[in-house]
Amino acid sequence: MSNKSVHKTGLQWLGLGLFCLALLLFTAMLGLESYTITSDVLPEGSNKYQKAAIAKAAKDLDFTGQTFGSPFEVKSAYHEVFTKAQGALEATFEKSGAPDDLGEWDFKLGDGYFKDQLFPLIRSSSTGPITANPWLWFGLTFGLGILGGLLYILPKFSADPGIKNDHIYHSPLTRGLTLTWRSVFLGFTIIGVLAYGVTYMSGQWVWPAVTAGVAILISVLIFIVQNSAKHTPQRSASPDMASGTLGILGGTYLIVFYLLLYWSPYLITPWVIMVNPLTEFLSGGSASQWSVYGTLYTVIVLVMGVRMWSKYQHNKYQLVRTGSVMFFQTGFAFLIPDLMSRLGGPSVDLKLIWPLDYSFFFDWNLNSLLDSGTFGIFLLGWGVALIVIGVPVLTYFYGKRWYCSWVCGCGGLAETMGDPYRQLSDKSMRAWKYERFIIHGVLVAAIVMTAAVLYHFFTGNAQIWIFNAYDIRKWYGFLIGAGFAGVVGTGFYPLMGNRTWCRFGCPLAAYLGLVQRYKSKFRITTNGSQCISCGNCSTYCEMGIDVRYYAQRGQDIVRSSCVGCGVCSAVCPRGVLRLENGDDTDQFRADETRAIHITADSVGIL
Amino acid sequence: MHIVIIGNGIAGVTAARHLRKQSQHEITMISGESEFHYSRPALMYSYMGHMRSEDLKPYEDWFWEKNRINLKRAWVETIRFNEKQLVFADGSTMNYDKLVLAVGSTTSYYDWPGQDLDGVHGMVTLQDIEAMERHSEERLKRAVIVGGGLIGIEMAECFHTRQIPVSFLVREESYWNRVLPPDESTMVTKHIQRKHGIDLRLETELSEIWGDGDGKVKMAVAKGGEKFPCEFVGISAGVKPNIEWLSFSELELGRGIKVNDHLETNLKDVYAIGDCAELIEPQPGRRPIEAIWYTGRMMGETVAYNILGKPTPYRPGIFFNSAKFFDLEYQVYGSTPNELPENQSWFYWQHPTEDKAIRLYWSKASKAVLGFHLMGIRYRHEVCEAWIANETNINEVVEHLGLANFDPEFYEEHEEAIVSAFNAQEGTSIKLKSKRGLSGVQRFLKKLTSKSTARV
Ligand SMILES: Cc1cc2nc3c(=O)[nH]c(=O)nc-3n(C[C@H](O)[C@H](O)[C@H](O)COP(=O)(O)OP(=O)(O)OC[C@H]3O[C@@H](n4cnc5c(N)ncnc54)[C@H](O)[C@@H]3O)c2cc1C
Ligand code: SF4
């Protein structure tokens, strides 16, 4: 029996063990705390009447003083308390109206308040090992995870230089799913997100329905109008059935993680409590679920960045580029914003660009920038300059890679944590058709949404014909910002590849891509006729570009989706591909008819 | 008109694509090995788990139907050339108006005793890879590989990834030294020897293979008697045109199927291309059979013109090739013999610590550059080809050597070092004037185009 996995040393097994232990503790710690309700932790309401009503209801129902074993129990008990307080205020209002000139809705307790206060309530009532010892738990999870990861990764530096893709399609972690299984996972996730969307939009089903309609329309266009039904892909990521068991497990874990992070943060307060000391140390403020996410994200980019270095030791482009995403994540996304808030200014990630940063033109952001004096104005100018000057100019000279695979945070995660899954991107023509519809659709949606938001900002009028600017922006944030970029974008790494979001969803990538496709010096050149059509380039293209299709004809590759990660060039066994910035007037090099297989005088016949 | 192509390798497929591009004739492509075309040089990657077998297919399966190229999976047993008819293994027949033979090559065996045992395989077909997989899964603990060519080293790499120890028996005193010049051959030899678990045996030839009594391989025995216990013997002592099944017909055969300059055989309306074709009059300096990927592709394109009544002689242009020996990339352009011919000079530079080297060839008399031989460095096909085609003076080539560099961005450029080593050898005082980069290349190529009409 031969060994269908890469040889691991004892130290590496130890590292793997430690990492798994850390992951186990990280998961298990969510159940370790208990929750003691004291009068100090009760929500205060927005005025003394609400506060009193909540306190009374809590006392009447014996909520105060109780200790609960899980956040679920707290939630249901508190829900009773809340309903009771709500009822009491309602009754007072019916009887005698609101005192102190309070408006009806300032006096009564709105439903939204319950949701908003759940997280702070649970967090502040939390007691137990994590609250007692956050640094210890930080060490046991983050520390042990980093240690295990590095023990596993560092020995790889001693390997010979060269392509290291052995056994990727033998491993149950990285081999992917069949087209059918993948569609099942994707289908259920989409339906689930849309269904939850109805609740999220407080019962309004219009936007979820519109979204479903658009999805169906695109599928009809592709399958029937463009005839893809007859062209079932054979080259989707699809080894036997669902044998990529660890990949499925990993994907599910990530999906659940994102669901909790975005929509049920009250269930992950132990993590927040754990990172709180670090956040306080860095920013001076207290932690939220986003601090957990930011810390985890940065640590993963760094550790998996080291892995990337070990894997591509022989390739300087990969070393520099990976260093760049590690730097931008740690500096720009993680440390600088914290520093900014320590200095009391607005805290922003200076490398984020609209429309990826879809909330840039939201009223609260504009107001906060406008209220922050010269620095705020500078930040506003910086953000706008990136959109109108930075993107076109830099993309003209270097292609969209300057952002997507050198700077961007989503790209940074995809290129580090996502690298083991890059081969799972679908290379079929059908996938390319979906890509073009969806990504440009999201770009249009982002522009429309932003226009509505700005219309509201300048006119003060939120209602545009039958549409409401708040609803549009809320739905965009839910569907694209959380559902697409997070749940599907990252959760599907082990199922659909590491650039699912960047390829199908990111509106900034769409914008950068249009510049790259029509006005840029960047291209991937192919080395004459040296290609042997082996397919390594296409297989390892995370953006699902069928690189081989071009390479085997000696055509230059000028595609809007290419993020310039350079891996095709790194894995090509015949030295065929090179990422280059050249003279963009030479468009014939990318022509379909460019045939240089036989010598010039015979080609003349064509 | 019904054009039938036997063989769906690169030669057959290229012919079919170009025929379709330029005509509306009925096209049928037949292969016994697989329904769909796949990249033969990529076989190793499916065994090593870099790709799934479907990734080896350069076109999606619907491509053929969409382009109205009929595919038939069957073995052709005989051809009745007089009746223009093929006979399949199951007895059925098919008629053709024009026939293209693109039947490739097969592993060469040299009548070793025991070569029919279970566990003796080449690595040329999908079935070979499946056999390797099956043996690896079942009982393979040690493997022996016979013959030091390009396929042998790929087989060795395959087993290496599965941590199966390999004894690699090579007849020569240094790896592939019939093709590689001495320094490069030494470099590759050392590269192989550094690989853990690969026991490279130079100057060792297979004499026979012993079975275990159940018809399975147990031992390979070298000339001189050394024994290598193993469960698998990989054969890579070269390939030969797949023509045995065509003997006893009117078709003129030599080592391969004899074809003229227009890739026509001695029989009317029958052509042969790719690995199986033997040129009666090859271009000067070229071999009659060049069993490489690029030959198949260029012949496929050429034969399409010839079939469609646009007589086009086969002109493969300036030779080029590439390969990879474990982690060591190899590229050549032009003529790069392993021994220096009388009327030529060469220059060799090797990196002091890494496996990187370059060798330049030029004519003593005219100083025209003749060839580039590269290890661990990528050079640009277009540029090298243009220099050779234009018989550029070697000094000018060296002066602009950076233009040819095709290594990825940020890679160290060694041309400065190369130029000073060249100066030291030749007593010249050339200064490097061009560096790596597409813009310079584009200017260079444009200038050439305006100077000569020979290039498009
Ligand atoms: C492992 C390996 C690695 C290689 N690496 C390289 C490389 O790196 N670079 C390079 O230049 N070259 C390489 N080569 C050589 C290259 O693959 C061949 O030169 C090329 O594939 C030849 O193509 P072809 O179309 O002539 O024939 P083939 O690809 O051999 O196709 C012939 C087809 O004809 C079919 N056929 C034959 N007889 C019949 C019949 N009677 N009935 C029906 N069908 C029939 C066979 O099924 C086969 O599919 C490599 C070869 C191997 C085996
Ligand atoms: S460009 Fe390189 S990796 Fe891509 S198919 Fe050609 S030889 Fe293979």
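Residue positions within a chain follow its written sequence, with the count starting from 1. As they are written, the chains are lettered A onward and the ligands numbered 1 onward, keeping that order. Totals for whole chains, interfaces and linings use every residue, but because this is a predicted model, local features are given only for residues with pLDDT of at least 70 and side-chain atom pairs only at 80 or more, for both listing and counting. Excluded from the side-chain calculation are hydrogens and water; included are all heavy atoms of the structure.

**Considering the overall build of chain B**
We count it as follows: In this text, helices come from DSSP runs of H or I with a minimum length of four residues, and strands from runs of E with a minimum of two, each type numbered from the N-terminal end. In this treatment the radius of gyration is a C-alpha quantity, and the globule benchmark scales as 2.2 Å times the residue count to the 0.38 power. Residue exposure (1.4 Å probe, protein chains only): buried if accessible area is under 20% of the type maximum, exposed if over 50%, otherwise partly exposed. Calculation of accessible area relied on Shrake-Rupley with a 1.4 Å probe; when residues are assessed, cover is drawn exclusively from the protein chains displayed. A residue counts as positive if it is Lys or Arg and as negative if it is Asp or Glu; His and the chain ends are not included. By convention, charge coordinates are those of NZ in Lys, CZ in Arg, CG in Asp, or CD in Glu.
Counting secondary structure elements, chain B contains 11 helices and 25 strands. Rg of the C-alpha trace for chain B: 24 Å, near the compact-globule value of 23 Å for 456 residues, within the 12% margin. Each of the three principal axes of chain B carries a C-alpha extent, and together these read 70 × 60 × 40 Å. When each of the 456 residues of chain B is scored for burial, the buried share is 61%. Surface exposure of chain B reaches about 18100 Å², of which carbon and sulfur atoms provide 49%. Counting 53 positive and 63 negative side-chain charges, chain B places the centres of these two groups 4 Å from one another.

**Digging into the overall build of chain A**
The following threshold applies: We call two residues in contact when some of their heavy atoms are within 4.5 Å.
Scanning chain A for helices and strands turns up 26 helices and 7 strands. Counting only contacts in chain A whose residues sit at least 6 apart along the sequence, the fraction spanning at least 24 positions is 80%.

**Brief notes about the nonpolar core**
Rules: Here, the term nonpolar core denotes a set of buried Ala, Val, Leu, Ile, Met, Phe, Trp, Tyr and Cys residues that are joined through side-chain atoms within 4.5 Å.
F63(A), W271(A), M274(A), Y403(A) and L577(A) are the most contacted members of the largest nonpolar core, which has 157 residues in total. In terms of residue count, the dominant contributor to this core is helix α19 (residues 469-491) of chain A (12 residues). Not counting residues within four places of it along the chain, the set of residues in contact with F63(A) comprises I37(A), L42(A), A58(A), F68(A), V74(A), A77(A), Y78(A), V81(A) and L121(A). Counting residues in each nonpolar core, the second largest holds 133 residues, with C534(A), Y38(B), F63(B) and L267(B) among its members.

**Description of the site of ligand 1**
Put simply, the test is: Proximity criterion: a residue is near a molecule or strand once any of its heavy atoms comes within 4 Å of it. The term polar contact refers here to a pair of N or O atoms within 3.5 Å; inside protein, the definition further demands a hydrogen-donor-capable atom paired with an acceptor-capable atom, and it admits residues adjacent in sequence only when both atoms are side-chain atoms.
Near ligand 1 you find 33 residues, and of these R574(A), E33(B), V76(B), D275(B) and W293(B) are the closest. Take N8(B): an N or O atom from its side chain is 3.3 Å from an oxygen atom of ligand 1. In this structure, V76(B) approaches ligand 1 through a main-chain N or O atom, which is 2.8 Å from a nitrogen atom. Taking 990 Å² as the accessible area of ligand 1 by itself, protein coverage stands at 95%. Among the secondary structure elements, those contributing two or more residues to the shell around ligand 1 are α1 (10-22), α5 (150-161) and α7 (293-307) of chain B.

**Some words on the sheet that holds strand β4 (residues 76-80) of chain B**
All names here are of chain B. For the record, the criterion: Should DSSP find at least two bridges between two strands, the strands are regarded as paired. Convention adopted: a line fitted to C-alpha atoms gives each axis, helices being fitted over their contacting stretch, and angles between N-to-C directions are expressed from 0 to 180 degrees.
Reading across from one edge, β4-β5-β6 is the order of the 3 strands in this open sheet, with antiparallel pairing throughout. Every interior strand has two partners, whereas the edge strands, β4 and β6 (93-95), have only one. Here the average twist between neighbouring strands, direction ignored, is 25 degrees. Sheet topology places strand β5 (residues 85-88) next to β6; 3 bridges connect them, and they run antiparallel. Bridge assignment links Q85 to a residue of β6, and that residue is N95.

**So, the site of ligand 2**
Within the structure, ligand 2 sits among 13 residues, and C531(A), C534(A), G535(A), C537(A) and C572(A) are positioned closest to it. Put simply, the parts of the chain that give the shell around ligand 2 at least two residues each are α23 (536-539) and α24 (547-551) of chain A.

**Concerning empty space enclosed by the protein**
All names here are of chain A. The cut-off we apply is this: Cavities and pockets are found on a 1 Å grid laid over the protein atoms alone: a cavity is a set of points where a 1.4 Å probe fits but cannot escape, a pocket is an open set with protein on both sides within 12 Å along at least five of seven lines, and a lining residue has an atom within 4 Å of such a point. Grid points are joined across faces, edges and corners, and a volume is the space filled by probe spheres set on the points. In this count, Pro and Cys sit with the nonpolar residues alongside Ala, Val, Leu, Ile, Met, Phe, Trp and Tyr, while Asp, Glu, Lys and Arg are called charged and the others, Gly among them, polar.
Taken as a whole and judged by the stated rule, the model has 9 cavities of 30 Å³ or more. Taken as a whole, the largest cavity encloses approximately 100 Å³ of empty space. Lining the largest cavity are 13 residues; nearest its centre among them are I524, C541, C562, C565 and C568. Its residues assigned to classes, the lining of the largest cavity comprises 10 nonpolar, 2 polar and 1 charged.

**A look at the packing of helix α7 (residues 134-153) of chain A against helix α12 (residues 289-311) of chain A**
Residues and elements named next belong to chain A. Short version of the rule: Oblique is the label for every angle not falling under 35 degrees (roughly parallel), over 145 degrees (roughly antiparallel), or within 65 to 115 degrees (roughly perpendicular).
Relative to each other, α7 and α12 sit at 10 degrees, their axes nearing to 9 Å. As far as their axial angle goes, α12 and α7 are roughly parallel. On α12, the residues touching F138, F142, I146, G149, L150 and I153 of α7 are T295, L296, V299, V303, V306, R307 and S310.

**Regarding helix α13 (residues 316-342) of chain A**
Residues and elements named next belong to chain A. Applicable threshold: The span one expects for a helix is its residue count, reduced by one, times 1.5 Å. The reported bend at a residue is simply the angle between two axes, fitted to the 7 residues ending at it and to the 7 residues beginning with it.
Here α13 spans 37 Å end to end across 27 residues, near enough to the 39 Å set by a 1.5 Å rise per residue. Along its length, α13 shows its largest kink, about 35 degrees, at L335, and proline P337 lies within four residues downstream of that point. If you check the start of α13, you find a side-chain oxygen 3.0 Å away from the backbone N of Y317, and it comes from N315. Just past α13, the residue G344 takes up positive phi, approximately 85 degrees.

**Considerations on the interface of chain B and chain A**
Test applied: As a working definition, buried area equals the accessible area (1.4 Å probe) given up by two parts on being put together, with both sides summed. The rule for a salt bridge is simple: a side-chain nitrogen of Lys or Arg has to be within 4 Å of a carboxyl oxygen of Asp or Glu.
Each side of the interface is counted separately: chain B has 79 residues, and chain A has 83 residues. Three residues stand out in chain B for area buried against chain A, namely H50(B), R52(B) and E409(B), and they jointly supply 10% of the buried area on that side. On inspection of chain B and its partner chain A, the count reaches 7 salt bridges. Here E133(B) makes a salt bridge to K4(A), at a shortest N to O gap of 3.1 Å.

**Let's talk about the domain arrangement of chain B**
Residue and element names in this part refer to chain B. Using the following cut-off: Domain start and stop points were drawn from an automatic or database domain assignment.
Domains assigned within chain B are domain 1 (2-106 + 240-307), domain 2 (120-237) and domain 3 (320-455). Computed from C-alpha atoms alone, the centre-to-centre distance between domain 1 and domain 3 is 35 Å. With 4 residues of domain 1 in contact, the opposing surface of domain 3 contributes 4 residues. Together, Y45, I292 and Y294 form the three largest contributors to the area buried by domain 1 at its contact with domain 3, with a combined 82%.

**Considering the pattern of salt bridges**
Applying the stated criterion across every chain, the model contains 52 salt bridges over all chains. Across the pair E133(B) and R162(B) runs a salt bridge whose closest N-O atoms are separated by 2.9 Å. Of the two residues, E133(B) is situated in helix α4 (residues 126-138) and R162(B) in the loop between α5 and β11 (166-169); the sequence distance between them amounts to 29 residues. The class of R162(B) is buried, set by a relative accessible area of 1%. One salt-bridge network, in which partners are shared between bridges, spans R307(A), K311(A), R321(A), E415(A), D419(A), R422(A), R499(A) and E542(A).

**What about the sheet that holds strand β3 (residues 126-127) of chain A?**
In a beta sheet, neighbouring strands are held together by backbone hydrogen bonds and run either parallel or antiparallel to one another. Strand order across the open sheet formed by 3 strands is β2-β1-β3 (chain A), with antiparallel pairing between neighbours. Here the strands that pair on one side only, and so sit at the sheet edges, are β2 (67-68) and β3 of chain A.

**As for unusual backbone geometry**
Put simply, W354(A) and P355(A) share a cis peptide bond, and its omega is 5 degrees. Notably, D111(B) is not glycine yet its phi reads approximately 55 degrees, a positive angle. On the secondary structure map, D111(B) appears in the loop between β8 (105-107) and β9 (120-121). Although it is not a glycine, F248(B) adopts a positive phi angle of roughly 65 degrees.

**Remarks on the packing of aromatic side chains**
So the rule is basically this: Ring geometry is summarised as follows: Phe, Tyr and Trp rings, the Trp one being its six-membered ring, pair when their centres sit within 6.5 Å, and such pairs are stacked at plane angles under 30 degrees, edge-to-face over 60 and tilted between the two. A positively charged side chain is recorded as over a ring if its NZ (Lys) or CZ (Arg) lies within 6 Å of the ring centre. The angle to the ring normal must also be within 35 degrees.
Counting across every chain of the model gives 65 aromatic pairs over all chains. Ring centres of W135(A) and F138(A) lie 5.7 Å apart, and the angle between their planes is 80 degrees; this geometry places the pair in the edge-to-face category. Of this pair, W135(A) and F138(A) both sit in helix α7, 3 residues apart, which is roughly one turn of that helix. Owing to a relative accessible area of 48%, W135(A) belongs among the partly exposed residues under this scheme. Both rings, one in Y396(A) and one in F397(A), keep their centres 5.1 Å apart while their planes meet at 70 degrees; by these two values the pair is edge-to-face. Since its relative accessible area comes to 38%, F397(A) is described here as partly exposed. Above the plane of the ring of Y47(B) lies R162(B), whose end atom (NZ or CZ) is 3.9 Å from the centre. Directly above the ring of W346(B) sits R359(B), whose terminal nitrogen or CZ lies 4.2 Å from the centroid.

**Structural notes on the pairing of strand β6 (residues 522-526) of chain A**
For a regular strand, side-chain orientation follows a simple rule: the groups alternate between the two sheet faces. Residues and elements named next belong to chain A. Most of β6 sits out of view: 5 of its 5 residues are buried. Alternating positions in β6 separate into two faces, F522, I524 and T526 on one and R523 and T525 on the other, with burial throughout. By the bridge criterion, 5 bridges tie β6 to strand β7 (residues 577-581) in an arrangement that is antiparallel. Counted as the bridge partner of R523 is E580 from β7.

**A closer look at a nonpolar patch on the surface**
Here is the rule: To count toward a patch, a residue needs a relative accessible area above 30% and no salt bridge. Like charges then connect within 9 Å, nonpolar side chains (Val, Leu, Ile, Met, Phe, Trp, Tyr) within 5 Å.
Nonpolar side chains collect at one region of the surface, where V384(A), V388(A), I389(A), V393(A), L394(A), F397(A) and Y398(A) lie side by side and expose about 580 Å² of accessible area between them. Inspection of the secondary structure assignment puts L394(A) in helix α15 (residues 373-398).

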